[in-house]
Amino acid sequence: MAFSLWNLFEATILCLNAICILNEDRFLNKIGWGKTSNVQGFGEGPSTKAQIFNLLHSIRTVARVPLILLNVITISLKLILG
């Protein structure tokens, strides 16, 4: 199987789906990546862990609605083209 742009597109959609379905209460808090664990002092920059959590949170917030459309397009193209 050759590597193509379509495969890259599908892999990106799968990764975005995986990020969007992470439940903060059930999964992220157990590994210490919840909102309560992002306590930092005054004047300190955010830690790497806090930056990763903020990235996950922003992806879940912004990409949810466009991801639904991309999933519908991908599924319909897979059904039509095989």
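These notes cover the structure that comes with them. (Residues numbered from 1 in each chain as written. Predicted model: local features only at pLDDT ≥ 70, side-chain atom pairs only at ≥ 80, totals over all residues. Heavy atoms only, no water.)

## Focus on helix α4 (residues 64–81)
Phase 1 of the analysis: Between its first and last C-alpha, α4 extends 26 Å over 18 residues, near the 26 Å set by a 1.5 Å rise per residue.
Phase 2 of the analysis: Looking one or two residues beyond α4, the residue adopting positive phi is Gly-82, at roughly 95°. (Helix = DSSP H or I, 4+ residues; strand = E, 2+ residues; numbered from the N terminus. Expected span 1.5 Å × (residues − 1).)

## Digging into the pattern of salt bridges
Phase 1 of the analysis: All chains considered together, the criterion is met by one salt bridge.
Phase 2 of the analysis: Lys-78 is the partner of Glu-10 in a salt bridge, and the nearest nitrogen-oxygen pair spans 3.2 Å. Of the two residues, Glu-10 sits in helix α1 (residues 5–20) while Lys-78 sits in helix α4, which places them 68 residues apart along the sequence.
Phase 3 of the analysis: Residue class for Glu-10 comes out buried when judged on its relative accessible area of 19%. (Salt bridge = Lys/Arg side-chain N within 4 Å of Asp/Glu carboxyl O. Buried < 20%, exposed > 50% of the residue type's maximum accessible area, 1.4 Å probe, protein only.)

## Notes on the environment of Ile-21
Phase 1 of the analysis: Along the chain, Ile-21 turns up in the loop between α1 and α2 (24–28).
Phase 2 of the analysis: Between the alpha carbons of Ile-21 and Arg-64 there is a distance of 9.5 Å; along the sequence they are 43 residues apart.

## Section: helix α3 (residues 48–62)
Each α-helix turn comprises 3.6 residues. Residues three or four places apart therefore point the same way.
Phase 1 of the analysis: For α3, spanning 15 residues, the distance from its first C-alpha to its last is 21 Å, which sits close to the expected 21 Å at 1.5 Å a residue.
Phase 2 of the analysis: The set of residues buried in α3 consists of Ala-50, Phe-53, Leu-56 and Arg-60. For α3, the buried positions fall inside an angular range of 125° around the axis, keeping them on one side. Every exposed residue of α3 that faces more than 90 degrees away from the buried side is listed here: Thr-48 and Val-62.
Phase 3 of the analysis: Tucked into the core, α3 has its buried residues touching α1, α2 and α4. (Arc of directions from axis to C-beta. Contact = heavy atoms within 4.5 Å.)

## Things to note about the side chain of Arg-60
Phase 1 of the analysis: In this structure, Arg-60 sits in helix α3.
Phase 2 of the analysis: On the accessibility criterion, Arg-60 (9% relative accessible area) is buried.
Phase 3 of the analysis: What Arg-60 contacts, discounting residues up to four positions off in sequence, is Ile-19, Cys-20, Leu-22, Glu-24, Leu-28 and Phe-53.

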